[in-house]
Amino acid sequence: MEEFKKILFVTTANLATNPRLVKELQLVNSNPSLKAKVVLFNLGNWSDQIDAQIRKSFPEIELAYLMQQGNHFFLGCSLQ
């Protein structure tokens, strides 16, 4: 049974507006002994379409988006 090192990334941005995070996730993808989860925001602006394209590059990484509802935020999915 293979042992994975697990990494949790938390950001107030999304992938399109956080190129440093994208670079870190590329590093995780290149290392088969690492698994990652990311908590990030759906910003609801110009970056959403770009973010959707970048997201396709990371099918093995669990991405949990926080969605904005008015002036409040809620967790739009669950982390296990």
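A quick note: this is a predicted structure, and the numbers were derived from the prediction, not measured.

## Digging into the overall build of the protein chain
1) Next: Helix and strand content of the protein chain: two helices and four strands.
2) Next: In the protein chain, the succession of helices and strands from N to C terminus is β-α-β-α-β-β.
3) Next: By residue count, 31% of the 80 residues in the protein chain fall in the buried class.
4) Next: If you take every contact in the protein chain between residues at least 6 apart in sequence, the share linking residues at least 24 apart comes to 69%.

## Considerations on the nonpolar core
1) Next: Membership of the largest hydrophobic core comes to 14 residues, with the highest contact counts inside it found for F9, L15, L25, V38, I61 and L63.
2) Next: Put simply, the parts of the chain that give this core at least two residues each are α1 (19-30), β2 (34-42) and β3 (62-69).

## Description of the pairing of β2
Two faces, one strand: in a regular strand the side chains alternate between the faces of the sheet.
1) Next: Summarising the sheet, strand β1 (residues 5-10) and β2 pair through six bridges and their orientation is parallel. From the neighbouring strand, L8 faces β2, where its bridge partner is K37.
2) Next: In terms of handedness, the path from β1 via α1 over to β2 forms a crossover that is right-handed.

## A word on the side chain of S47
1) Next: Mapped onto the elements of the fold, S47 is located in helix α2 (residues 47-55).
2) Next: Within the local environment of S47, its side chain forms a polar contact with the side chain of N14, the two groups lying 2.9 Å apart.
3) Next: Those residues within four positions of S47 in sequence are excluded, and the remaining contacts are N14, A16 and T17.

## A word on the confidence of the model for the protein chain
1) Next: Across the protein chain, the average pLDDT comes to 87, with 82% of residues at 70 or higher.
2) Next: For the protein chain, per-element mean pLDDT is lowest for strand β4 (residues 72-75), which scores 53, and highest for α1, which scores 97.

## Here we look at the side chain of D51
1) Next: Assignment of secondary structure puts D51 in helix α2.
2) Next: Beyond its immediate stretch of four places on either side in the chain, D51 contacts N14, L15, A16 and Y65.

Cut-offs and rules
- Note on numbering: residues in each chain are counted from 1, in written sequence order.
- Since the coordinates come from a predicted model, pLDDT governs what is reported: local features require at least 70, and pairs of side-chain atoms require 80 or more to be given and counted, while whole-chain, interface and lining totals use all residues.
- Side-chain figures throughout are based on the complete set of non-hydrogen atoms in the structure, without hydrogens or water.
- Here a helix means four or more residues in a row that DSSP labels H or I, a strand means two or more in a row labelled E, and each is numbered from the N terminus.
- Classification of residues uses two cut-offs on accessible area relative to the type maximum, computed with a 1.4 Å probe and protein chains only: under 20% is buried, over 50% is exposed, and between them is partly exposed.
- A contact between two residues is defined here by any heavy atoms of the two lying within 4.5 Å.
- Within this scheme, the nonpolar core is defined by two criteria: the residues are buried Ala, Val, Leu, Ile, Met, Phe, Trp, Tyr or Cys, and they are joined through side-chain atoms within 4.5 Å.
- Strand pairing is assigned whenever DSSP identifies at least 2 bridges connecting the two strands.
- Orienting the strands away from the viewer, one traces the path from the first strand over the helix to the second; a clockwise path indicates a right-handed crossover.
- For this analysis, a polar contact is any N or O atom pair within 3.5 Å, provided that within protein one partner can donate a hydrogen and the other can accept it, and provided that sequence-adjacent residues contribute only side-chain to side-chain pairs.
- As a per-residue measure, pLDDT reflects the predictor's confidence and takes values from 0 up to 100.

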